[in-house]
Amino acid sequence: MKKITKLPVDARKQKILDVLFEDPVIAQALTQINVFVIDHYPDGMRITNSFKGQAGQSSHDAFTWIELVHPEDRARVRSEWERVVLGHEDFFESEYRYMIRGEYRWILIKGSMISRTSDRGPELYIAVDRDITEERRLRQLLEEERALLAQLVIRDEFLNILNRRYLETKQSHFFRNDGQTPVAVLVLDIDNFKQLNTRLTHHGGDMVLQAVVGAIQTCLGRLDILARYGGDEFALVFPQSSFEYAHDMAEQILGAVSKVEIPKISDMTISASIGLVHGNPVEGQDFWSYFEEADELLLLAKKLGKAQIQSKLLP
Ligand SMILES: Nc1nc2c(ncn2[C@@H]2O[C@H](COP(=O)(O)OP(=O)(O)OP(=O)(O)O)[C@@H](O)[C@H]2O)c(=O)[nH]1
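Residues numbered from 1 in each chain as written. Predicted model: local features only at pLDDT ≥ 70, side-chain atom pairs only at ≥ 80, totals over all residues. Heavy atoms only, no water.

Student: Help me understand unusual backbone geometry in this model?
Tutor: Glycine aside, the phi torsion of most residues is negative, and most peptide linkages are trans. Here the phi dihedral of glutamine 240 falls at roughly 55 degrees; this positive angle occurs in a residue that is not glycine. In this structure, glutamine 240 sits in the loop between strand 10 (233-239) and helix 9 (243-258). A relative accessible area of 56% places glutamine 240 in the exposed class. Here the phi dihedral of alanine 307 falls at roughly 50 degrees; this positive angle occurs in a residue that is not glycine. Counting through the fold element by element, alanine 307 comes out in the loop between helix 10 (287-303) and strand 12 (309-313). (Helix = DSSP H or I, 4+ residues; strand = E, 2+ residues; numbered from the N terminus. Buried < 20%, exposed > 50% of the residue type's maximum accessible area, 1.4 Å probe, protein only.)

Spelled out as structure tokens, the structure:
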């Protein structure tokens, strides 16, 4: 029977490390998979050759690598790394810009302190890093596309204001039903728009829509919301406003709309009607319960002769 000579644990460990650090085939394999190992010993450290491979520069050194991190990322990376060195964390994961062959590249590094000295000092550390510059560029493009799409979905493309989908999906942005957040909801509809369309053609009607929206916008404050509900009907929300503010705004809006000029026809003026409700919504009420009340008041305004505001304080 073959006799197996057992090496003492430390000697075995040393042998494994020697292979890891000195065997050129292992070094090449580690370089290919972007892995490097750092062995800390009492008076210094040694690093697998694959480390130089990552950085792409021979002068690269484990003590000074932090100096090659982009100045804007350096303090963050240093403190993340220090947590590992000081033993607060064993795992290091970071994304930062790193100087490689004269240019900053984005690097993702994941590393682990796999053994420590008895006083929690670093002993053996293994890490893998990857150039993610292109990946980040694509990720950023994708995020921009997604943000743009999200904007398109909630905007009326023709009038460049919010649309009904915004009202349906973003209610939490402007409507609170905690019983102590006042809100005014208005529904505005252009008067006799069918007739305007007939006189001016559909294209002319479109120009009126744009001019009316422009007029409404001149009156709005920073928090006020204007959304196209559909056709020539618009919803306005004045979050955290008083009834007086909302009513005053509604009057200003009707005034501004009445000043919209239509070059082709002199015998018609533009006007709009508004239904307005104000209250402190409570649980069980949502934006649409306010909207429906305002819409009913709008119908009343139309019945009573148009170009006016009908309003109500909700209990
Ligand atoms: N030009 C144009 N017309 C539209 C658009 N969307 C809807 N309309 C038209 O707008 C008109 C809306 O008419 P209504 O609001 O129902 O009726 P109205 O004539 O305004 O009457 P009152 O509201 O009672 O004053 C319809 O003729 C629609 O075809 C649009 O984007 N552009």
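Having put the structure on the table, let's press on.
Student: What is the right way to read the pattern of salt bridges from this model?
Tutor: Working definition: two side chains of opposite charge can pair if their charged atoms are close together. One pass over the structure, following the stated rule, counts 22 salt bridges. When the shortest N-O distance is used, the salt bridge between arginine 97 and glutamate 72 registers 3.4 Å. Of this pair, arginine 97 sits in strand 3 (residues 91-100) while glutamate 72 sits in helix 4 (residues 71-85), and the two are 25 residues apart along the sequence. What you see here is one network of salt bridges that share partners, running through Glu72, Asp73, Arg76, Glu80 and Arg97. (Salt bridge = Lys/Arg side-chain N within 4 Å of Asp/Glu carboxyl O.)

Student: Is there a simple way to explain the site of the ligand in this structure?
Tutor: Taken together, 16 residues sit near the ligand, with Asn192, Phe193, Lys194, Asn197 and Asp206 positioned nearest. A distance of 3.0 Å separates a nitrogen atom of the ligand from a polar atom in the backbone of histidine 202. In this structure, an oxygen atom belonging to the ligand sits 3.1 Å away from a side-chain N or O atom of aspartate 232. A total of 670 Å² of accessible area belongs to the ligand in isolation, and the protein chains cover 68% of it. (Near = heavy atom within 4 Å. Polar contact = N/O pair within 3.5 Å; in protein donor to acceptor, adjacent residues only side chain to side chain. Areas by Shrake-Rupley, 256 points an atom, 1.4 Å probe, with all protein chains shown as cover.)

Student: What's the story with the pairing of strand 10 in this structure? I'm lost.
Tutor: Each regular strand shows side chains that alternate between the opposite faces of the sheet. For strand 10, the tally of buried residues reaches seven of seven residues, placing the bulk of the element in the interior. Residues Glu233, Ala235, Val237 and Pro239 line one face of strand 10 and the alternating positions Phe234, Leu236 and Phe238 line the opposite face, and both faces are buried. Both strand 8 (residues 183-190) and strand 10 contribute to a ladder of seven bridges, which runs antiparallel. If you follow leucine 188 over to strand 10, its bridge partner there is phenylalanine 234. As paired elements, strand 9 (residues 225-230) and strand 10 share five bridges and run antiparallel to each other. What sits directly across from alanine 227, in strand 10, is alanine 235. Connecting strand 9 to the next strand, strand 10, in antiparallel fashion are two residues, including glycine 231 with a positive phi near 50 degrees. (Pairing = 2+ DSSP bridges.)

Student: Just checking my understanding: could you explain the sheet that holds strand 11 (residues 272-279) for this structure?
Tutor: Across a sheet, strands are paired by hydrogen bonds formed along the backbone, either parallel or antiparallel in direction. Reading across the sheet, the seven strands line up as 6-7-9-10-8-11-12 and stay open at both edges, with mixed pairing between neighbours. With partners counted over all chains shown, the strands left at the sheet margins are strand 6 (155-156) and strand 12, one partner each. Sitting on the sheet, helix 8 (residues 193-219) is in contact with strand 7 (161-163), strand 8, strand 9 and strand 10, with an inclination near 150 degrees to strand 8. Sitting on the sheet, helix 9 touches strand 8, strand 10, strand 11 and strand 12, and the angle it makes with strand 11 is about 170 degrees. (Contact = heavy atoms within 4.5 Å. Axes fitted to C-alpha atoms, helices over the stretch in contact; angles between N-to-C directions.)

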